[in-house]
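Reading the structure
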Amino acid sequence: MKKKVLIAAALMAMLGGAAMAQGTFTLKLGGGFPLGDFADAKADYNNGFNNLRWGLWSKHTDGGAGLGFNLGFEYNMPVSSVNGLGVVISLDAFYNGLNEDLNDFFADFKEDLDNGYDSWSLTTPNYINIPVMVGAKYDLPLTSGISLYAAGAVGANIRIITPFNVTYEQEGYYQGYAISGTVEESTNIEFDPAVSFAFRLAAGVTFAEKYSIELGYYNLGAGKVKDEIKYTAEFSNNNYTDQSDKQKETLKSITPTLLTLRLGISF
């Protein structure tokens, strides 16, 4: 883990130093389309949470990620000895919510919360991936102002998963038993960040030596899902003792893999 953090820090330092070199800075914006296990999850609300096949809930590798967005920065430093070849340093940020199956699952869960509780709130997790990479890019001019390019890079990815939280309040009942007063229950799951080896491949077309359309593939590396689950129950009637419980768990690894389609503008 320490080695991965050092790699990420070194690449960040290189990215900062690149601004001092002669080259081209490109801003890229587009979609991040999850692939393979990262896009999958088996969610059938008729079977409840116990049969939820989702790597943030149970020991599976399915990420359940939905269509997301990407913002990227790239610095291309030409290699003077080879025409068209450049060294590229990049920093990206991906944001992905949940896929359709999981959104439908939690929509059904919300209906049950509406029917069973006086008030409630629910926050579901999202994925944030921040890869920092260094690699090579080759430009092949076609006609005046138009060129094709291909690029590849390796580096480190920082994966962040936002918390899951559900809170609900009910009067007169606690876990199926009649009580006097109200109880507010809360379950919060916080996920540890993960650092992993990452790589990307890309190809695109540049117009007017400034604008580009790019198709890319990102494999952001396998990272274990580690979380901490906190449960609390707070009673309005002082005759009852507030409850709390906390536990940590380690699930399987999730590997964010994405296809990107991006527009770029160079400066």
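This structure is a prediction, so every number in the text was calculated from the model and none was measured. (Residues numbered from 1 in each chain as written. Predicted model: local features only at pLDDT ≥ 70, side-chain atom pairs only at ≥ 80, totals over all residues. Heavy atoms only, no water.)

1. Digging into the sheet that holds strand β11 (residues 223-235)
Stated precisely, the cut-off is as follows: Two strands are counted as paired when DSSP detects at least two bridges linking them. Secondary structure follows DSSP: runs of H or I at least 4 residues long count as helices, runs of E at least 2 residues long count as strands, and numbering of each begins at the N terminus. All axes are obtained by fitting lines to C-alpha atoms, using only the stretch in contact for helices, and the reported angles, taken between N-to-C directions, cover 0 to 180 degrees. In this analysis, two residues are considered to be in contact whenever any of their non-hydrogen atoms come within 4.5 Å of each other.
Strand order in the open sheet made by the five strands is β4-β7-β8-β11-β12, with antiparallel pairing throughout. Strands at the two margins of the open sheet, each flanked by one partner only, are β4 (119-123) and β12 (243-254). The sheet shows a mean angle of 15° between the axes of neighbouring strands, taken without regard to direction. When β11 meets β12, the two strands line up antiparallel, connected through ten bridges. Bridge pairing in β12 places Thr-232 opposite Ser-244. Each of β4 and β7 (164-174) is contacted by helix α2 (residues 100-116), which is oriented at about 165° to β4, the strand it contacts most.

2. Considering the environment of Gly-32
Quick reminder of the rule: A 1.4 Å probe rolled over the protein chains alone gives each residue an accessible area, and that area as a share of the maximum for its type sets the label: buried under 20%, exposed over 50%, partly exposed in between.
Position of Gly-32 among the secondary structure elements: in strand β1 (residues 24-34). Its relative accessible area of 0% is what places Gly-32 among the buried residues. Separated by 37 residues in the primary sequence, Gly-32 and Phe-69 place their C-alpha atoms 5.2 Å from one another. Those residues in contact with Gly-32, other than ones at most four positions away along the chain, are Gly-66, Leu-67, Gly-68, Phe-69, Asn-96, Leu-258, Leu-259 and Thr-260.

3. What about the sheet that holds strand β13 (residues 257-266)?
Strands pair in a sheet through their backbones, by hydrogen bonds, and they do so in one of two ways: parallel or antiparallel. Read around the closed barrel, eight strands run β1-β2-β3-β5-β6-β9-β10-β13, paired in antiparallel fashion. Across the sheet, the axes of successive neighbouring strands diverge by a mean angle of 25°, strand direction being ignored. The pairing of strand β2 (residues 65-78) with strand β3 (residues 85-98) spans twelve bridges and is classified as antiparallel. For Pro-78, the partnering residue across the bridge sits in β3 and is Gly-86.

4. Things to note about the pattern of salt bridges
Selection rule: Throughout this description, the term salt bridge denotes a Lys or Arg side-chain nitrogen within 4 Å of a carboxyl oxygen of Asp or Glu.
Summed over the entire model, instances satisfying the criterion amount to eight salt bridges. Where Glu-74 meets Lys-28, a salt bridge forms, and the shortest distance between an N and an O atom there is 3.3 Å. Of this pair, Glu-74 sits in strand β2 while Lys-28 sits in strand β1, and the two are 46 residues apart along the sequence. One exposure class covers both Glu-74 and Lys-28, and it is buried.

5. Here we look at the nonpolar core
Applicable threshold: Buried Ala, Val, Leu, Ile, Met, Phe, Trp, Tyr and Cys residues form a nonpolar core when they are joined through side-chain atoms within 4.5 Å.
Formed by 33 residues in total, the largest nonpolar core has its most connected members in Trp-54, Leu-56, Phe-106, Phe-109 and Tyr-127. Among the elements of the structure, β3, α2, β5 (127-143), β6 (146-161), β7, β8 (177-191), β11 and β12 are those that each provide at least two residues to this core. It is α2 that contributes the most residues to this core, five residues altogether. Residues within four places of Trp-54 in sequence aside, it is in contact with Ala-41, His-60, Asp-62, Gly-63, Gly-64, Leu-98, Leu-102, Phe-106, Pro-125 and Tyr-127. Membership of the second largest hydrophobic core comes to six residues, among which are Tyr-174, Ile-179, Val-183 and Phe-235.

Read these as spatial facts, not as claims about activity.
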